[in-house]
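A look at the structure
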Amino acid sequence: MSLNCGNGPAATTVVNQVQFGYNGFGQETIEYQEDSGAVTAGTFSTLYNYADGSGNSNRLLSMTYPNGRILDYDYSPTQQVVSGITST
C-alpha cells in the first residue's frame with residue numbers, strides 16, 4: 001500500500017509506503033513502513049513470530065520492533081487466551 005503524490009492518475013512520487021510479508025498460514029510475518037518515500041532495503045521492519053503449526057497451534061509467539069524490543073506472548077494452559085505479555 002502506498003500514498004502517491006502528483007497530478008492525475010499517473011502520479012508516481014511515493015510519499016509513504018507499507019509492505020507486508022506472510023507465511024503459509026496467511027499470517028503477517030513482516031511489516032515494512034517507510035514514512036518518507038518508497039520501501040527500500042534500509043527500511044525498518046517489524047517481525048512477527050508464530051508457532052510452527054505442530055499440535056494444531058500457529059499462534060503469535062513474539063513481535064520484534066525496529067528498535068530491537070521484543071514482546072513475548074504467553075498463553076493459558078488451554079492455549080486460547082493470552083495470559084501475559086513480557087517485553088525484553
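Residues numbered from 1 in each chain as written. Predicted model: local features only at pLDDT ≥ 70, side-chain atom pairs only at ≥ 80, totals over all residues. Heavy atoms only, no water.

A separate point is the overall build of the protein chain. The secondary structure content of the protein chain amounts to zero helices and seven strands. In the protein chain, the succession of α and β elements from N to C terminus is β-β-β-β-β-β-β. Counting the 88 residues in the protein chain, one finds 26% classified as buried. Relative to all contacts within the protein chain whose residues are 6 or more apart in sequence, the contacts with residues 24 or more apart total 4%. Carbon and sulfur atoms form 53% of the exposed surface of the protein chain, whose accessible area is close to 6,000 Å². (Helix = DSSP H or I, 4+ residues; strand = E, 2+ residues; numbered from the N terminus. Buried < 20%, exposed > 50% of the residue type's maximum accessible area, 1.4 Å probe, protein only. Contact = heavy atoms within 4.5 Å. Areas by Shrake-Rupley, 256 points an atom, 1.4 Å probe, with all protein chains shown as cover.)

Where a strand is regular, its side chains alternate between the two sheet faces. Here strand E4 (residues 45-50) shows one buried face, formed by Thr46, Tyr48 and Tyr50, and one open face, formed by Ser45, Leu47 and Asn49. Bridge count for strand E3 (residues 28-34) against E4 is three bridges, and the pairing is antiparallel. From the neighbouring strand, Glu31 faces E4, where its bridge partner is Thr46. Sheet topology places E4 next to strand E5 (residues 60-64); four bridges connect them, and they run antiparallel. Paired with Tyr48 across the strands is Met63, a residue of E5. (Pairing = 2+ DSSP bridges.)

Moving on, we come to the packing of aromatic side chains. One pass over the structure, following the stated rule, counts one aromatic pair. Taken together, a centroid distance of 6.5 Å and an interplanar angle of 35 degrees make the contact between Phe20 and Tyr22 tilted. With a relative accessible area of 52%, Tyr22 lands in the exposed category. (Phe/Tyr/Trp six-rings, centres within 6.5 Å; stacked < 30°, edge-to-face > 60°.)

The sheet contact formed by strand E2 (residues 13-22) and E3 spans six bridges and is antiparallel. When the sheet's bridge partners are listed, Gln17 is paired in E3 with Glu34. Hairpin connection from E2 to E3: five residues lie between these consecutive antiparallel strands, with Gly26 at a positive phi of about 80 degrees.

We now examine the nonpolar core. With six residues, the main nonpolar core is built from Tyr48, Tyr50, Leu60, Met63, Leu71 and Tyr73. Listing elements by their share of this core, those giving two or more residues are E4, E5 and strand E6 (70-75). Apart from the residues lying within four places of it in its own chain, the contact partners of Met63 are Thr46, Leu47, Tyr48, Arg69, Ile70, Leu71 and Tyr73. (Core = buried A, V, L, I, M, F, W, Y, C linked by side-chain atoms within 4.5 Å.)

Just distances and angles here, no functional claims.
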